[in-house]
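Single-letter residue listing:
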Amino acid sequence: LNLARLEGGKLELNIRHDVDLVESVIEPAFEIVMPQIEERKIQFTKLVPKGLPVIACDPSLLKIVVVNLLGNAVKYGNEGGEVRLTVSREDGVVRAVVWNEGPGFPREEQKRLFRKFSRLNTPELMQRKGTGVGLYTCWRIIQLHNGKIKGASEHGQWAEFVFEVPVAGPSSAIGA
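Visitor: How should the overall build of the chain be read in this particular structure?
Guide: When you go through the chain residue by residue, the secondary structure sums to five helices and seven strands. Mapped in sequence order, the helices and strands of the chain form the string α-β-α-β-β-α-β-β-α-α-β-β. Out of the 176 residues belonging to the chain, those deemed buried represent 46%. Taking the contacts inside the chain whose residues are at least 6 apart along the sequence as the reference set, 71% of them involve residues at least 24 apart. With the model as given, the accessible surface of the chain reaches about 9300 Å², and the carbon-plus-sulfur share is 49%.

Here you go:
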């Protein structure tokens, strides 16, 4: 439904200016993904400093991003491997990094990461179920927040996804 709303331009940002990112986004997202983490025997590390400032964002939409990135890290990572979530504040943005130990993806596939209905064409990744809309949805939500998202990998070893959103939140022109 959210993808359809994104595509139709009808997804409205519900910006709150007092969002505790850990309490309203990170922890609820972690709770949603926890059963997958346990099932795949993932070693999960959360590196989130105390005292992060409140930010202006739509917490429901950012939670979709974090759930998607954590879920992908668990799904595409090595069973029994490691997944890390690191959050920091740098120069007016909040930055989140989701890293996983696993097959990663070749550099030449990187350009396809955030395309709608696109799946990376590697034998290791094609064996896992997916629709090719999750990363696209993340990209759109981060765009709506005036943020940035990117992915990187060392093929055969690890993958990571990084997003940044401004602490001050998106401008009113976003999504127009």
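What follows continues from the structure just given.
Visitor: Just to check I follow, could you spell out the sheet that holds strand β7 (residues 158-166) for this structure?
Guide: In sheet architecture, strand pairing relies on hydrogen bonds along the backbone and comes in two forms, parallel and antiparallel. Reading across the sheet, the five strands line up as β2-β4-β5-β7-β6 and stay open at both edges, with mixed pairing between neighbours. Whereas interior strands pair on both sides, the edge strands pair on one side only; in this sheet they are β2 (43-47) and β6 (148-154). Here the average twist between neighbouring strands, direction ignored, is 10°. Sheet analysis places β6 next to β7, joined by seven bridges and oriented antiparallel. Within β7, the residue paired with Gly-151 across the bridge is Phe-161. Relative to the sheet, helix α3 (residues 59-76) contacts β2, β4 (82-90), β5 (93-101), β6 and β7, its axis offset from that of β7 by approximately 175°.

Cut-offs applied
- Residues numbered from 1 in each chain as written.
- Predicted model: local features only at pLDDT ≥ 70, side-chain atom pairs only at ≥ 80, totals over all residues.
- Heavy atoms only, no water.
- Helix = DSSP H or I, 4+ residues; strand = E, 2+ residues; numbered from the N terminus.
- Buried < 20%, exposed > 50% of the residue type's maximum accessible area, 1.4 Å probe, protein only.
- Contact = heavy atoms within 4.5 Å.
- Areas by Shrake-Rupley, 256 points an atom, 1.4 Å probe, with all protein chains shown as cover.
- Pairing = 2+ DSSP bridges.
- Axes fitted to C-alpha atoms, helices over the stretch in contact; angles between N-to-C directions.

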